[in-house]
Amino acid sequence: MPVRTSDSSVSGRGRGVGLGLALLSAVAFGGSGVAAKPLIEAGLDPLHVVWLRVAGAALVMLPLAVRHRALLRRRPGLLAGFGLLAVAGVQACYFAALSRIPVGVALLIEYLAPALVLGWVRFVQKRPVTRAAAVGVVLAVGGLACVVEVWSGLGFDALGLLLALGAACCQVGYFVLSDQGSDAGDEAPDPLGVIAYGLLVGAAVLTVVARPWTMDWSVLQGTASMDGRPVAAVVLLAWIVLVATVVAYVTGVISVRRLSPQVAGVVACLEAVIATVLAWVLLGEHLSAPQIAGGAIVLVGAFIAQSSTPSKGSEQPVASGGPERALSRRGTSA
């Protein structure tokens, strides 16, 4: 009995640490847009901010890429697809959207991705989905209508909304790719290695697209305005690279290893809420009551949709957790 009590205590502490890491990951990811938007408003092109974020994070995680270099031979297609969609596509569309619409709205639209994954499963893979999943999709779409206030003629920039939706579509690719190799057991690709190479591929692609040699590097030597308060641009960049990318990915992966994917997915949903609150406090982006209510409905709908996992024997892909967490669940089998 004493031994069992000790084991239970250790397990409880491990779960507590996992929850803390998952929350830290959500806070780190949620702060990316808040730190990026002042840099964009200071004169940096959104694509240049994306390139700085991805290239900087790729450089930091380069040792992990070297450690998992066998993935280049075993999973070249997965690494290329992950880098193109989950890294370059999501980040480019999201940051471009930030230059036209509020941070909270952009992130909330991104969180339609779990619902879109279910559409992929139902209509492309032609597999059945649960009633709860369908309810989640309806709630998410209804909540989005409130967020954009369709009754007022789409008050937000239409292109910004389309860019945010593009980020959500790229996340669908992320979820589909993250399911590759899930039945490989111990041979499943290590999530840290895939993330590291995804950043490297994304950085290479974005280098061609963003053309960083045309960037106004002098912006990084000055300050950016955060709701009227000057902040050193290099500090904001350091936060985006080290905290909002590297720390966020690493803590997210470790938290999933300590928790079930379902529990980590619940905490991951806090990312959109945290981003909205941070944008409200730090950037002065006030949302109306219907938009706040709509955002809550989007989160509820996305959570219901991604929580509708298939039974154990099913081959249906599972969309659980936020975009940065879905791949990390593969680590539970490694």
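In what follows, the structure referred to is the one given above.
These figures come from a predicted structure and were not determined experimentally. (Residues numbered from 1 in each chain as written. Predicted model: local features only at pLDDT ≥ 70, side-chain atom pairs only at ≥ 80, totals over all residues. Heavy atoms only, no water.)

Peer 1: Quick rundown of the overall build of the chain? Include the residues and the values.
Peer 2: Along the backbone of the chain there are 15 helices and two strands. By element, 66% of the accessible surface of the chain is carried by carbon and sulfur atoms, the whole surface being about 14,400 Å². (Helix = DSSP H or I, 4+ residues; strand = E, 2+ residues; numbered from the N terminus. Areas by Shrake-Rupley, 256 points an atom, 1.4 Å probe, with all protein chains shown as cover.)

Peer 1: An account of the pairing of strand 2 (residues 229-232) is requested, with residue identities and associated values reported.
Peer 2: Moving residue by residue along a regular strand, the side chains alternate between the two faces of the sheet. Examined bridge by bridge, strand 1 (residues 223-226) and strand 2 share four bridges and lie antiparallel to one another. By the bridge assignment, threonine 223 is partnered in strand 2 with alanine 232. The turn joining strand 1 and strand 2, which pair antiparallel and follow one another in sequence, is formed by two residues; a positive phi near 55° is taken by aspartate 227. (Pairing = 2+ DSSP bridges.)

Peer 1: Break down the pattern of salt bridges for me, citing the residues and quoting the values.
Peer 2: Evaluated as defined, the whole model comprises one salt bridge. Close ionic contact of aspartate 157 with arginine 100 constitutes a salt bridge, the shortest N to O distance being 2.9 Å. On the criterion of sequence distance, the pair formed by aspartate 157 in the loop between helix 9 (131-147) and helix 10 (158-178) and arginine 100 in the loop between helix 6 (76-98) and helix 7 (103-110) is long-range, its members being 57 residues apart. The exposure class of arginine 100 is partly exposed, given its relative accessible area of 40%. (Salt bridge = Lys/Arg side-chain N within 4 Å of Asp/Glu carboxyl O. Buried < 20%, exposed > 50% of the residue type's maximum accessible area, 1.4 Å probe, protein only.)

Peer 1: An account of the packing of helix 2 (residues 32-41) against helix 6 is needed here, citing residue identities and associated values.
Peer 2: In contact at an axis separation of 9 Å, helix 2 and helix 6 are set at 60° when each is read in the N-to-C sense. Between helix 2 and helix 6, the crossing angle belongs to the class labelled oblique. The way helix 2 lies across helix 6 gives a crossing that is right-handed. Packed against helix 2, whose contacting residues are Ser32, Gly33, Ala36, Lys37 and Ile40, the element helix 6 presents Tyr94, Phe95 and Leu98 at the interface. Residues that form the contact of helix 2 with helix 6 fall into these classes: five nonpolar, two polar and one charged. (Axes fitted to C-alpha atoms, helices over the stretch in contact; angles between N-to-C directions. Parallel < 35°, antiparallel > 145°, perpendicular 65-115°, else oblique. Left-handed = near helix turned anticlockwise from the far one by under 90°. Contact = heavy atoms within 4.5 Å. Nonpolar A, V, L, I, M, F, W, Y, C, P; charged D, E, K, R; others polar.)

Peer 1: So what about the side chain of histidine 68? Which residues, and what values?
Peer 2: Along the polypeptide, histidine 68 turns up in the loop between helix 4 (62-67) and helix 5 (71-74). Histidine 68 has contacts with Asp190, Gly193 and Tyr197, leaving out every residue within four places of it along the chain.

Peer 1: Describe the side chain of lysine 37, naming the residues involved and giving the relevant values.
Peer 2: Residue placement: lysine 37 occurs in helix 2. A distance of 3.2 Å separates a polar atom in the side chain of lysine 37 from the backbone oxygen of isoleucine 101. (Polar contact = N/O pair within 3.5 Å; in protein donor to acceptor, adjacent residues only side chain to side chain.)

Peer 1: Which residues make up helix 14 (residues 270-283), and what values do they have?
Peer 2: Helix length check: helix 14 (14 residues) gives 19 Å between terminal C-alpha atoms against 20 Å at 1.5 Å per residue, within 8%. Buried within helix 14 we find Glu271, Ala272, Ile274, Ala275, Thr276, Ala279 and Leu283. With its phi angle positive at about 70°, glycine 284 sits one or two positions after the end of helix 14. (Expected span 1.5 Å × (residues − 1).)

Peer 1: Which residues make up the packing of helix 2 against helix 14, and what values go with them?
Peer 2: Contact geometry of helix 2 with helix 14 gives a least axis separation of 8 Å together with a crossing angle of 40°. With respect to helix 14, the axis of helix 2 lies oblique. Across the interface between the two elements, Val34, Lys37 and Pro38 of helix 2 pack against Ala275, Leu278, Ala279, Leu282 and Leu283 of helix 14. Of the residues that constitute the contact of helix 2 with helix 14, the class distribution is seven nonpolar, no polar and one charged.

Peer 1: Quick rundown of a nonpolar patch on the surface? Include the residues and the values.
Peer 2: Together, Leu23, Val27, Leu270, Val273, Val277, Trp280, Val281 and Ile292 give the surface a local cluster of nonpolar side chains, amounting to about 630 Å² of exposed area. When residues of the nonpolar patch are traced back to their parent elements, those giving at least two are helix 1 (2-30) and helix 14. Ranked by residues supplied to the nonpolar patch, first place goes to helix 14 with five residues. Residue placement: isoleucine 292 occurs in helix 15 (residues 289-307). (Patch = residues over 30% accessible without salt bridge, like charges linked within 9 Å, V, L, I, M, F, W, Y side chains within 5 Å.)

Peer 1: Kindly report on unusual backbone geometry, identifying the contributing residues and their values.
Peer 2: In this structure, arginine 211 takes a positive phi of about 50° despite not being glycine. The topology assignment puts arginine 211 in the loop between helix 11 (191-210) and strand 1.

Peer 1: If you had to explain the state of the cysteines to someone new, which residues and values would you point to?
Peer 2: A full pass over the atoms with the stated rule returns zero disulfides. Cysteine cysteine 169 is unpaired, with the sulfur of cysteine 170 as its nearest cysteine sulfur at 7.1 Å. Here cysteine 170 is not disulfide-linked; the sulfur of cysteine 93 is the nearest cysteine sulfur, at 4.7 Å. Assessed through its relative accessible area of 13%, cysteine 170 is described here as buried. (Disulfide = S-S within 2.5 Å.)

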